[in-house]
Structures are given as structure tokens and as C-alpha cells.
Amino acid sequence: MSAMYTTDEHGRPFIIVREQEKKARTTGIEATKAHIMAAKTVANIVRTSLGPRGLDKILISPDGDITISNDGATIMSQMAIENQIGKLLVELSKSQDDEIGDGTTGIVVLAGALLEQAEELLDRGIHPIRISDGFEQACKLAVAHLDTVSDQVPWSTSNTKELFKCAKTSLGSKIVTKCHDQFAQMAVDAILAVADLERQDVDFELIKVEGKVGGELADSAVVRGIIIDKDFSHPQMPKQVKDAKIAILTCPFEPPKPKTKHKLDITSVQEFEQLQTYERETFAKMVQQVKDCGATAVACQWGFDDEANSLLLQHNLPAIRWVGGPEIELLAIATHGRIVPRFEDLSADKLGYAGTIREVAYGTTNENMIVVEDCANAKAVTVLVRGGNKMIVDEAKRSLHDAMCVVRNLIVDNRVVYGGAAAEISCSIAVDQAADQVSSIEQYAIRSFARALDAIPMALAENSGLPPIETLAKVKSEHIRHGKSSWGVDCMSTGINDMKEQFVFDPLISKRQQFLLATQLVKMILKIDDVIVHKSDEQ
């Protein structure tokens, strides 16, 4: 029965209609456990990608595009997760990627381990709010302990050895390990080229990462200038221009058209010839305006037809057409030029300057690129990444981005902690010892936080083919007995557990952000105790 007739206290009739939708509702501990299960499932997917020996994942989009990656943020963002709690973990890895740029896999694994420990505490009958409070206390202790085990990395523009080592650590788990040193040096060179050392800031807008299929990873290079994936508009134009003065245009080389809908009726040969003459004169005037302002090269956002192209060639003005919006902005920044919207506005002071503009050919398929070098603004660089296929190029670009973010983080704050899970093990011991001082029930949650931190070294050992429990026990005993806070998991089986000797570093701000964001998310999940899902009759 979908409706019911009744009356109120004054005898007035009304009808109560049953809600047409069916509801599914979970409450209390059941709801919390369902969320924990969903989050653990997602975390376990990326767990095997952690560390230098982590495995790659292959992701196929609905369109059939294939992505092969072991970058946590890439894997999470491309998985079609429908569960709301699973989506929160995707947001978690994205926020780590946006803020820090590295450590996106570790943060998801840590969040999954914390939720696993929270589930055990819930089974013991501890209230979710007390667990949240305990995790919050433990996180503060861990972050404070990170400061005590961190070391400062001295660096300068002339001595970049330490920055290079940190970039290498970031690239250790990536596809580019074959050209490990080269890509680490490229990341350092690119960041230092654009870094504002006084403000301790790096503008990533000034670094363009361009990928070109063909060649091998070793052919990748940092270009002090701009690379535009176009060629000169006419094959007979010179392939190289020295001391170029560039007119950067966003107006097309064509006669002006009325803005409204228009129709042109030509009834005689004379009228057609007049129109042809007008067009020719307009093109000649445009080219002359460019020539008069002193320009020796033209970059245009729009295209132009063969007549304009021919005139440009006659006037010895090499031109690049169909330059995209971001490229034209970057070209203007690099050459200190102004983007000109109308030919009438052209003047000598609005031209950009570059020492050399040259067209470079790649392979045998007539794939050409324009390289603009020795620009007026030396703080604009392009990283050209080569690779055997599109998947390798895309993954190499992502890897390089992570390494550049690590170098950027060290310019902002040059303190580091040791990798190979040395920082997590050290924090785990410190948090576990601090739990003894807490007399309330939060003590259990603080100990669980310490156990969750142990999940990182265990995952690293497991992914490296080492016995996880035995490896963790060995490293932990060295930490406790001899105070070796730089000891971690020897993932590469070098026989050396001291990460200081292996030069495995992580920026302090990256590790601190991991702890804070993961704890924050877990607290939020634990506070949800009621889920109402509306289901239609068809479902």
C-alpha cells in the first residue's frame, strides 16, 4: 500500500504517501567497518608499487588508452572508483601530489595501515572518537620526532651534489632507472635554472616538459630556452635565425571580416579583380608593418594562407604558425616580448629577443621542432623527453616531475630524513615509547599508530623480495640498541642498511605532510557512523 488516509487532531483529513525510493542504510560500527574495508582494498592495490622494486600497474581507459605507471597519484586518479571512501583516498594522493609532488604511494599505504589498526581497536570495543584522539596525539609525536632525526643538506648553485642524490632517490622506483643519473641531473638543472633563490621559490610555469616519441631515454635533454612542436611555415624559409627579434601575434594574417553574418555578391570580373587586389594589398600592408617594426621572425597563434606565406618568404621573414596559447605565453615570457593582438599595435619595444631560433629535424619522418635558445629571460627552460613509445615518454615525464618537485622542496626547506623507511621505523619506536606515558585509553591508539608506521618498511621489504618480519626486526634492533636512526630497509640488496651511506634521502616536508594528511583522513573516516543510500526500484 503506497498511501494512507488519516486525520489530524482537528479532524482535518490528509494522505500520507509512502516514499517511492528504497533506502539502504548502515549505521554505527557496521558503517565504520564497511568504510575501512573499502579504503583497505584501495590501499592494497598500490601497496605493491611502493619502493624502488615496486611493480607497475597497467590501466586501460574506456577509450582503450593504455597507461603503465607505478606513480601512486597516476594510478589512483585513473582508477574508476565508485565507492565514496575510495574516492577520499584518491583525493588524498592528489593533495599530496599537488602540495609536495612525491610520496603519493606511501601516503595511501600509510592511511590503509592506520585504518587496519583502527579496525582492530574497534573490535576491542574502543570508541572511534577515542581512537581518533589517540591517532592525533601519536601524529604530533611522530612529526616532532621527525625534526630530531632530520639532517640539513648543504647546497649551493656551485655544489648541487646533495640535490642530485635526493632527485636520484625519487627516481629510484621509476621507469627511468636505466638513465638514473642523467634524469636526476636534468631535474636539478631545470629547477635551478628557474629558481628564485632569494624568495626560496620555484615557478613551475617556466619549465615546459615536452615529450617526443622516437630515440631513447638517453637522448633526453634540458634546453635553455623554448621548444615549439611546429616547423617554419614555408619549406624554403631559413632553418636558423641568429639574433632574432620576434613579433608575437595573436591576430591572423588575413583581411578583416565583418563581425556580423555577411554575404558578398560578385557580379563581374572587375569586382573579383578588385577583391583580389584588396586582399593582396592588405597582406602586403600587414607584412610591411611587421617589417617596419624591426622584426626578423614571426610567431603567430593563427594560421595564414599561401599568399601571406609567400609574401613572408619574399620579405625574408621566417614565420611559425598555429602556435598554441600556452606556448605563445611562454615564448613571450622567455623572450621578454609582448603579445600583440593587432598589427597596428606593433612597435620595436614589443618585440621579443632570442639569440638563436633553429628548426631541428628528428628521425626520418619529417618530424620537426623549433628551438628558441639564448632568450632574453634566462629563467625559461624546456625539458625534452625522448622514448621508444608514447607510454614510456608519458611515464618518464611523470617521473621527472616527481624528481623536480623533490628538488623544489629542498630549495624551500633543505632538511631531509633518511629513506628506506628509516624515518618511519625511528618514529614508530619513539611513538611506542611515548605511549607508556599516556594513562588514558588513547594509549592503545598511540601504540596502533606505531604499528601502522611499521607497515611501510614491511611493504618495502616484501616488494624487494626480502622476508618482511625478519628485515624489520633486524633494522629495529639496530635503531634501539645502537641509536642508528639512519638505518632502513636495504631494498637494492647492496649489503648496506645505512641509508646515509647509500645516499637515500627524503625531504622532511614530504614525510611530515604524509603523516599529517593520512592521519587527518583516517580521523574523518572514523567519525562517519551512518550511511544512507537511496536506491530506485529499477536497481
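For the structure, see preceding data.
Predicted, not measured: the structure shown is a model, and the values here were computed from it.

Rules behind the numbers
Residues numbered from 1 in each chain as written. Predicted model: local features only at pLDDT ≥ 70, side-chain atom pairs only at ≥ 80, totals over all residues. Heavy atoms only, no water. Pairing = 2+ DSSP bridges. Helix = DSSP H or I, 4+ residues; strand = E, 2+ residues; numbered from the N terminus. Core = buried A, V, L, I, M, F, W, Y, C linked by side-chain atoms within 4.5 Å. Buried < 20%, exposed > 50% of the residue type's maximum accessible area, 1.4 Å probe, protein only. Phe/Tyr/Trp six-rings, centres within 6.5 Å; stacked < 30°, edge-to-face > 60°. Disulfide = S-S within 2.5 Å.

Peer 1: Looking at this model, I keep getting lost on the sheet that holds strand E19 (residues 415-418). Mind explaining?
Peer 2: Sheets are built from strands paired through backbone hydrogen bonds, the pairs being either parallel or antiparallel. Reading across from one edge, E6-E19-E20 is the order of the three strands in this open sheet, with antiparallel pairing throughout. The sheet is open, and its two borders are formed by strand E6 (151-152) and strand E20 (505-507), each paired with just one other strand. As paired strands, E6 and E19 are joined by two bridges and run antiparallel to one another. Across the sheet, the residue bridging to Gln-152 is Arg-415, located in E19.

Peer 1: How should the nonpolar core be read in this particular structure?
Peer 2: Nonpolar side chains in soluble globular proteins generally cluster together in the buried interior. One finds Met-76, Leu-89, Leu-114, Ile-131, Phe-135, Phe-449 and Phe-515 to be the most contacted residues of the largest nonpolar core, which totals 64 residues. Looking at which element gives the most residues to this core, the answer is helix H4 (residues 104-123), with 11 residues. Ranked by size, the runner-up nonpolar core spans 45 residues in total, among them Ala-244, Ile-248, Cys-251 and Ala-354.

Peer 1: It is not clear to me how the pairing of strand E5 (residues 66-69) should be interpreted in this structure. Could you clarify?
Peer 2: On any regular strand, side chains alternate: one points to one face of the sheet, the next to the other face. Residues Thr-67 and Ser-69 point to one face of E5 and are all buried, whereas Ile-66 and Ile-68, pointing to the other face, are not buried. Bridge count for strand E4 (residues 57-60) against E5 is four bridges, and the pairing is antiparallel. Directly across from Lys-57, in E5, lies its bridge partner Ser-69. The turn linking E4 back onto E5 is made up of five residues, and Gly-64 within it adopts a positive phi angle of 95°.

Peer 1: When you look at the packing of aromatic side chains in this model, what are you seeing that I'm missing?
Peer 2: One pair of aromatic rings is described through two measures. These are the centre distance and the angle between the planes. Counted under the stated rule, the structure contains two aromatic pairs. Between Tyr-418 and Phe-505, the aromatic rings sit 5.6 Å apart at their centres with planes inclined by 55°, giving tilted as the arrangement. Residue Tyr-418 is located in strand E19, and its partner Phe-505 is located in strand E20; the two are separated by 87 residues in the primary sequence. Relative accessible area serves as the criterion here: at 7%, Tyr-418 is assigned to the buried category.

Peer 1: Before we go on, may I ask you to explain the state of the cysteines in this structure?
Peer 2: What makes a disulfide is a covalent bond joining the sulfur atoms belonging to two cysteines. For the structure on display, the rule yields zero disulfides. No disulfide involves Cys-300; its nearest neighbouring cysteine sulfur is the one of Cys-251, lying 6.3 Å away. Since its relative accessible area comes to 0%, Cys-300 is described here as buried. Between Cys-427, a cysteine without a disulfide, and Cys-139, which holds the nearest cysteine sulfur, the sulfur-to-sulfur distance is 9.6 Å. The exposure class assigned to Cys-427 is buried, which follows from its relative accessible area of 0%.

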